[in-house]
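# Fold and contact review
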Amino acid sequence: MIVPMGHILIVSTTLFFMGLGCILARRNLIMILIGIEIMINAAGLVLVGASALWRQADGQVFVLLLMGVTAAEVAIALAMVVYLYGFKRNLDIDNFDGMRG
Amino acid sequence: MATVLFYLLSAVTLVATLLCITRKNPVHAVVFLVNALFALALLFFLLGAPLVAAWQVIIYAGAIMVLFLFVIMILELAPGQAMASASRRQLVPAVLLFLLLLVSAGLIIMRDPAGAVWVEGFYLSPRDFGQALFSRYGLAVEIVSFQLLFAAAGAWYLGRRRRVRQEEERR
Amino acid sequence: MSRDLIFLIPLLPLAGALLNMLGGRFWPRRVTESLAVAAVAGATLAAALLWPLSGGEGTTVELFGWLRAGPLQVPMVLHFDRLAACMALMVTGVSTLIHVYGTGYLHRKEDAVRFFVLLNLFVFAMLTVVLADNLLLLLLGWEGVGFCSYALIGYWYREEENASAGRKAFLVTRCADVFLLAAILWLFQLTGTLSITAINAQAPLLAPGTVTLLALLLLVGASGKSAQLPFMTWLPDAMAGPTPVSALIHAATMVTAGVYLLCRIFPLISQSPTGMAAIAAVGTLTALYAATCALVQRDIKRLLAYSTMSQIGYMFLAVGAGTVTGAMFHLLTHAFFKALLFMAAGGIIHLAAGEMDLFKLGGLARRSPAVFWPLLAGVLCLAGIPLTGGFFSKDAILLASFARGNMFYQVLCLLGLLTALLTAMYSFRLIYLVGPARKGDIGEPHHLPSTMLWTLIPLAILGLAGGLLNLPGVWGGNEWLEGLLGPLITAGEPAHVFELLLGLIASLLSLAGWLWARWRYAGKPEPRPVGTAGTFFLKGWQADRAIETLLLGPFRAIARFWSAIVDERLLEGGVFLAARSCEGFGQQLRRLTTGRLGHYLTAMAFGLGAIMVWVLLQSI
């Protein structure tokens, strides 16, 4: 008897929305990526909590897979950040409006 | 006991995250995030996922966050210069949204009777985890490993020498 | 001769036109000309040979059914009675002479095929008008005549003014034709039939007011083609066409179609005294108007055009005074001498290499007597010198008008006498300006083709001897035409004294005209500077300008209003407004895609918030 499921959900929801807020509020590309990380971790927390609730392994397995995917994503994202930095010399996302129109 | 620990760790995570997202210095932000991830790992351990907790520390805090630091260093983002603080225009809607979303989600969660179920103490041994992983989720493992290969290839492509020549031309 | 051959009369010119239209390109010019002349000559022959068929009640022959739609039955019916026979014979005969004249006139000019095709087609349409027994068929010929007139006036269409003249003729006559159409429709509604003989038979059964209105509508319809007031502005400008066209269409045939129409439905219109009075008044006023204008014209063809207008006014007066015989008598003699005058004018213009100003033409008497003497003959007829054809026909009309007994008609008779004086004046003015030699003459004579010369002679003879057609008894004649077409005087025979007295007065007037012209122009043919009065008459009492201000100006203003304001601004503006607002809306939507990641993420978050709230509200 640890904790009601609802509380786990609330914690992870709060974490998730904090990550969302980071994405919306910060203009630096690195910070946006960090916000994404936070959101993914929040999801992971939900998965582990669910796995504990239902006493099955599936949730945890998914978290592992999630970590693998996240690693791949971060690798490419950061490679792109370096590449873009080479163009504009700063990482303000307002500079990258080539999709405008 | 576990309950108290849970709430404590949750608090740490949330506070660390909050601090992380409000820092000007990117290195500070990353360090605070590592802090949060450690607390999260302990939460995982509490919820009966020792293997996942270990991997959280090794992969997330140990590899991914290090990679972040690595890139921040390589780009020589001086604090306060490359990192613009959030302008008021973006801050207000973000905060408002945060509150709105939080309240809505909270209400939804609390009103659901299923949320009142207590999570029992649970422990999943690595053996059981491995069995589940490689029996039921073998295909997923393969696919994720492919993806890591793609990512490696992509990252190599993006970081090719050509970009260095351009940088040299620009200087 | 069989009655079944009546259809040849209109068919031969049509066949000539079609053959030349299809093959004129391929065979030499001689063949085209010969074909055209042969077609019309054949029609003349047919009309002459079939003359006996027109006696009594005449011959009606139905060719085939054209329209059959319930109550509307329009068969192709030709009615060949004395009236039609006289007219057909005149039309075909004069046309033949003019076709021959035309071959010489167009000598060395190109585009002859079109000319002869149109001329033949015109003769076909005119014969349709003459022979039709059904009003719709007559209307078909009427419109055909109008079209051929337009095409032939604008024959040299490459010059803007010629094309405009053709257009003007077509449009003015079109305005009058609307009234004719209204009359036809109304007649159909009243009597249930469009057959002219049937309508004439039913005429006494119609109400007097209706008949008056019908007569007035028909008067207006006829005025268009016959260039009477107020539809007369097209005729002087129509002189832009080739001279054979002017001779045929605007002297002998098309402009008399209006008179012919009124004669055809005479039983109908004679039921209405008001209508008859209106017809007579229109004719007399036009005659006077045209004579005043003719007196100051400098262009020889315009002078003849006004003269035609004036003489047709006399014919209208005759119809209004109740005598078909008088009208047809003058129609026939006028056709002869007016065609002659036009053809001679064509010769004069040819000789002077295109010069048309009277004050620059001269010396005809010595240079080309072959043209001068027929011209003189025509002028004598026109002026009404005693014993010419013109004298007898004009006299007959004036007598009929005087003998009507009504004060109104007697006033018209006086105006007619005044017009006769003016006619004599301008006729002799023409002779004295064109005939005698003067200093500074235009150089050597051009040589005229023989066809332009010998065709003048038959017409001169017919004009001078035309009086024999209906020589009044008081002169010892047999009144032959009167026997064919009906009595000259409808309201009692006046005493022979009056006839002789009128004849004497008319003779004196024509002599007075001659003497005035001789005093004014013989020996000193210089133009005097024209004052405002002169310009007024020269421009046809400024009729063109009046029409411009009264009709065309407002019409153009209305058209401009509807096109520039309503069409362009309102309707097109409305369409453009719809298009532009769509475009504007799109442009505004476009502002959403700023390309900035922060905006997109914010939008997504707002969407997420909306979904959350909705779920929350659902669960409440």
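In terms of regular secondary structure, chain A is built from 3 helices and 1 strand. Listing every helix and strand of chain A by position from the N terminus yields β-α-α-α. Since a compact globule built from 101 residues should have a radius of gyration of about 13 Å, the 17 Å found for chain A marks it as more spread out than a globular shape. The principal-axis extents of the C-alpha atoms in chain A amount to approximately 55 × 25 × 25 Å. Of all intrachain contacts in chain A linking residues separated by at least 6 positions in sequence, the fraction that spans at least 24 positions is 43%.

Listed by partner, the interface residues are 75 residues for chain B and 63 residues for chain A. At the level of elements, helix H1 (2–21), helix H2 (26–46), helix H3 (50–74), helix H4 (88–111), strand E1 (118–119), helix H5 (126–136), helix H6 (138–158) and helix H7 (161–170) of chain B are the ones that each hand at least two residues to the side of chain B that touches chain A. Ranked by residue count, the leading element in the side of chain B that touches chain A is H4 of chain B, at 13 residues. Both strand E1 (residues 3–4) of chain A and E1 of chain B contribute to a ladder of 2 bridges, which runs antiparallel. Paired with Val 3 of chain A across the two strands is Val 119 of chain B, which belongs to E1 of chain B.

Residues and elements named next belong to chain C. Close contact between helix H18 (residues 389–403) and helix H23 (residues 496–521) brings their axes to 10 Å; oriented N to C, the two are set at 125°. By the angle between their axes, H18 is oblique relative to H23. Handedness of the crossing formed by H18 with H23: right-handed. Contacts from Phe 391, Lys 394, Asp 395, Leu 398, Leu 399 and Phe 402 in H18 reach Glu 499, Leu 502, Gly 503 and Ala 506 in H23. Taken together, the residues of the contact of H18 with H23 sort by class into 6 nonpolar, 1 polar and 3 charged.

All names here are of chain C. Relative to strand E2 (residues 72–80), strand E1 (residues 59–69) is paired through 8 bridges, and the arrangement is antiparallel. Across the sheet, the residue bridging to Gly 65 is Pro 75, located in E2. Following E1, the chain reverses through 2 residues before pairing antiparallel with E2; Gly 70 in that reversal takes a positive phi of roughly 65°.

Bringing unusual backbone geometry into the picture now. A cis geometry characterises the amide bond from Leu 229 of chain C onward to Pro 230 of chain C, with omega recorded as -10°. Looking at the element boundaries, Pro 230 of chain C is found in the loop between helix H8 (208–226) and helix H9 (234–237). Despite not being glycine, Arg 89 of chain A has its phi angle at roughly 70°, a positive value. For Arg 89 of chain A, the location among the structural elements is in the segment after helix H3 (58–88). Even without a glycine there, the phi angle at Leu 387 of chain C is positive, about 80°. Looking at the secondary structure, you find Leu 387 of chain C in the loop between helix H17 (369–383) and H18.

Moving on to the packing of helix H13 (residues 273–294) of chain C against helix H19 (residues 407–434) of chain C. All names here are of chain C. One way to put it is that H13 packs onto H19 with a least axis distance of 9 Å and a crossing angle of 25°. Accordingly, the angle class assigned to the pair H13 and H19 is roughly parallel. Judged by the sense of rotation from one axis to the other, the crossing of H13 with H19 is left-handed. Facing H13, whose interface residues are Ala 277, Ala 280, Ala 281, Thr 284, Ala 287, Leu 288, Ala 291, Thr 292 and Ala 294, H19 presents Phe 408, Tyr 409, Leu 412, Leu 415, Gly 416, Leu 418, Thr 419, Leu 422, Thr 423 and Tyr 426.

Let us now look at the environment of Ala 77 of chain A. On the secondary structure map, Ala 77 of chain A appears in helix H3. A sequence separation of 70 residues divides Ala 77 of chain A from His 7 of chain A, and the C-alpha atoms of the two residues are 33 Å apart.

All names here are of chain C. Residues Ala 88, Phe 122, Met 126, Leu 218, Leu 262, Met 328 and Ala 339 are the most contacted members of the largest nonpolar core, which totals 199 residues. For this core, the leading source of residues is helix H15 (residues 324–351), giving 18 residues. Among all residues touching Phe 122, those that are not within four sequence positions of it are Val 145, Cys 148, Leu 152 and Ile 249.

Right, let's talk about helix H10 (residues 243–252) of chain C for a bit. The buried fraction of H10 of chain C amounts to 10 of the 10 residues, a majority that puts the element mostly inside the structure. Of the positions making up H10 of chain C, those classed as buried are Thr 243, Pro 244, Val 245, Ser 246, Ala 247, Leu 248, Ile 249, His 250, Ala 251 and Ala 252 of chain C.

A few words on the environment of Ser 149 of chain C. Residues and elements named next belong to chain C. Here Ser 149 shows up in helix H5 (residues 135–153). Using a count of 28 C-beta atoms within 10 Å as the deciding quantity, one classes Ser 149 as buried. Linking Ser 149 and Thr 292, residues 143 residues apart in sequence, is a C-alpha distance of 26 Å. Discounting chain neighbours no more than four positions away, the residues touching Ser 149 are Ala 169, Ile 249 and Met 254.

Now for the confidence of the model for chain A. Where the model shows low pLDDT, its predicted coordinates should not be examined in detail. Per-residue pLDDT for chain A averages 91, and the proportion of residues at 70 or more is 100%. Per-residue pLDDT, averaged within each element of chain A, yields its smallest value for E1 of chain A (90) and its largest for helix H2 (residues 29–54) of chain A (94).

What counts and how
- Residues numbered from 1 in each chain as written.
- Chains lettered and ligands numbered in written order.
- Predicted model: local features only at pLDDT ≥ 70, side-chain atom pairs only at ≥ 80, totals over all residues.
- Helix = DSSP H or I, 4+ residues; strand = E, 2+ residues; numbered from the N terminus.
- Rg over C-alpha atoms; globule rule 2.2 N^0.38 Å.
- Contact = placed C-beta atoms within 7 Å.
- Pairing = 2+ DSSP bridges.
- Axes fitted to C-alpha atoms, helices over the stretch in contact; angles between N-to-C directions.
- Parallel < 35°, antiparallel > 145°, perpendicular 65-115°, else oblique.
- Left-handed = near helix turned anticlockwise from the far one by under 90°.
- Nonpolar A, V, L, I, M, F, W, Y, C, P; charged D, E, K, R; others polar.
- Core = buried A, V, L, I, M, F, W, Y, C linked by C-beta atoms within 7 Å.
- Buried ≥ 20, exposed ≤ 12 C-beta atoms within 10 Å, placed from the backbone.
- pLDDT = per-residue confidence, 0-100.

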